[in-house]
Amino acid sequence: MPASPAPDSGSSSGGAPGKTAGDPDPQRIPRWLVRAELFLRVMLRIYIGLAVAYAPWSPLFWDQNPLFVQFPTLSIYAANGAVRGIVSGIGLLNLWIALRDAIRYRNR
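Procedures and definitions
Residues numbered from 1 in each chain as written. Predicted model: local features only at pLDDT ≥ 70, side-chain atom pairs only at ≥ 80, totals over all residues. Heavy atoms only, no water. Helix = DSSP H or I, 4+ residues; strand = E, 2+ residues; numbered from the N terminus. Buried < 20%, exposed > 50% of the residue type's maximum accessible area, 1.4 Å probe, protein only. Areas by Shrake-Rupley, 256 points an atom, 1.4 Å probe, with all protein chains shown as cover. Salt bridge = Lys/Arg side-chain N within 4 Å of Asp/Glu carboxyl O.

Describing the overall build of the protein
The helix and strand inventory of the protein stands at five helices and zero strands. Each helix (α) and strand (β) of the protein, taken in turn from the N terminus, gives the series α-α-α-α-α. When burial is assessed residue by residue, the protein has 17% of its 108 residues classed as buried. Here the protein has roughly 9,000 Å² of accessible surface; of this, 67% comes from carbon and sulfur atoms.

Below is the structure:
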């Protein structure tokens, strides 16, 4: 047994190190599938970002939330403008990440 993990020079397989003669080549992901995944990921992030950025300023989603009705102390903190701004900021950050991914991939 050799002391190092490097293959010995007298190897019977003439291929690349670490490959045996029976190993198939690794399959590549088709370009259309990569683009479809990117499109779905960007669309999902845009949708979530818009929903999270809008929710704190909508009385239907924020003020009448069953979670805030059940826990009145949480409702006091949720009504604070800074908390609403932080939640909206997370939504805008999600939008930024979606647009950055779309632009970055387009430039490749």
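Okay, back to it.
What about the pattern of salt bridges?
Tallying each qualifying case throughout the model produces five salt bridges. A salt bridge links glutamate 37 to arginine 41, with the shortest nitrogen-to-oxygen separation between them at 3.0 Å. Highlighted residues: glutamate 37 and arginine 41, both in helix α1 (residues 31-54), separated by four residues, approximately one helical turn. A relative accessible area of 30% means that arginine 41 is categorised as partly exposed. Here aspartate 63 ties to arginine 84 by a salt bridge, and the two come within 2.8 Å at their closest N and O atoms. Of the two residues, aspartate 63 is situated in helix α2 (residues 59-63) and arginine 84 in helix α5 (residues 81-106); the sequence distance between them amounts to 21 residues. Judged by relative accessible area, aspartate 63 falls into the partly exposed class, the value being 46%. Beyond isolated ion pairs, a larger network of salt bridges with shared partners links Glu37, Arg41, Arg45, Arg100 and Asp101.

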